[in-house]
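Report on the structure
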Amino acid sequence: MLNYCQAECCFAKKKLKLMDLIEQKPKHLNAEIAETLYQQYPERINDLYYHDVILNERSVSRPAYRRIAKKILAYAKFGDPVIAKAWIKKLQQAYPRRWAMISELDTALAKLSSD
């Protein structure tokens with residue numbers, strides 16, 4: 001039977017392997033995996049989550065914008081809500097003519113501000 005220290009060491013090694021895999025194939029990153037790895041690798045997860053989960057949405061429709069907003073809200077639950085708000089503002093500034101995106105992101109920003 002493994003003692004607590006051995007189990008923690010084994011778990012840490014598995015997290016490191018998972019982080020290496022995600023960095024090699026970021027398309028596999030989702031909110032659940034990001035939440036698992038965030039405590040140990042916050043900066044790396046912030047960067048990967050924004051670039052490969054948020055910006056990787058290919059569609060330009062209201063449902064796609066709603067998915068982006070939900071992904072940002074999911075990040076805010078386990079990550080840094082201040083960074084989530086910054087991502088929203090950054091996207092709104094980058095795409096000022098995408099009214100549907102701005103609307104969906106405003107809804108997400110309101111939810112973040114009320115929490």
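1. Examining the confidence of the model for the chain
- Per-residue confidence for the chain averages 87 on the pLDDT scale, and 90% of its residues sit at or above 70.
- Ranking the helices and strands of the chain by mean pLDDT puts helix α5 (residues 81-94) first, with 95, and helix α1 (residues 4-24) last, with 75.

2. Topic: α5
- The first and last C-alpha atoms of α5 sit 20 Å apart over 14 residues, in line with the 20 Å expected at 1.5 Å per residue.
- Within α5 the residues assigned to the buried category are A84, W87, I88, L91 and Q92. Projected down its long axis, α5 carries its buried residues within an arc of 130°, all on one side. Turned more than 90 degrees away from the buried face of α5, the exposed residues are V82 and Q93.
- For α5, the secondary structure elements touched by its buried residues are α3 (42-54), α4 (62-78) and α6 (99-114).
- By the N-cap criterion, in which a side-chain oxygen at the helix start approaches the backbone nitrogen of a residue two or three places on, α5 is capped by D80, the distance to V82 being 3.0 Å.

3. Remarks on the environment of K17
- One can find K17 in helix α1.
- Under the relative-accessibility criterion, K17 is labelled exposed at 63%.

4. Details of the packing of aromatic side chains
- Using the criterion set out here, one finds eight aromatic pairs in the structure.
- Their ring planes at 85° and their centres at 6.0 Å tell us that Y49 and F78 sit as a pair that is edge-to-face. Here the residue Y49 occupies a position in helix α3, and F78 occupies one in helix α4, the gap between them amounting to 29 residues. Of the two residues, Y49 and F78, both sit in the buried class.
- Taken together, the ring pairs in this structure connect Y38, Y49, Y50, Y75, F78 and W87 into an aromatic cluster.

5. Comments concerning the packing of α3 against α5
- Across the interface, α3 lies against α5 with an axial gap of 12 Å and an inter-helix angle of 40°. Taken together, the axis directions place α3 and α5 in an arrangement best described as oblique. Judged by the twist between their axes, the crossing of α3 over α5 is right-handed. For the pair α3 and α5, contact is made by N46, Y49, Y50 and I54 and by I83, W87, K90 and L91, respectively.

What counts and what doesn't
Residues numbered from 1 in each chain as written. Predicted model: local features only at pLDDT ≥ 70, side-chain atom pairs only at ≥ 80, totals over all residues. Heavy atoms only, no water. pLDDT = per-residue confidence, 0-100. Helix = DSSP H or I, 4+ residues; strand = E, 2+ residues; numbered from the N terminus. Expected span 1.5 Å × (residues − 1). Buried < 20%, exposed > 50% of the residue type's maximum accessible area, 1.4 Å probe, protein only. Arc of directions from axis to C-beta. Contact = heavy atoms within 4.5 Å. Polar contact = N/O pair within 3.5 Å; in protein donor to acceptor, adjacent residues only side chain to side chain. Phe/Tyr/Trp six-rings, centres within 6.5 Å; stacked < 30°, edge-to-face > 60°. Axes fitted to C-alpha atoms, helices over the stretch in contact; angles between N-to-C directions. Parallel < 35°, antiparallel > 145°, perpendicular 65-115°, else oblique. Left-handed = near helix turned anticlockwise from the far one by under 90°.

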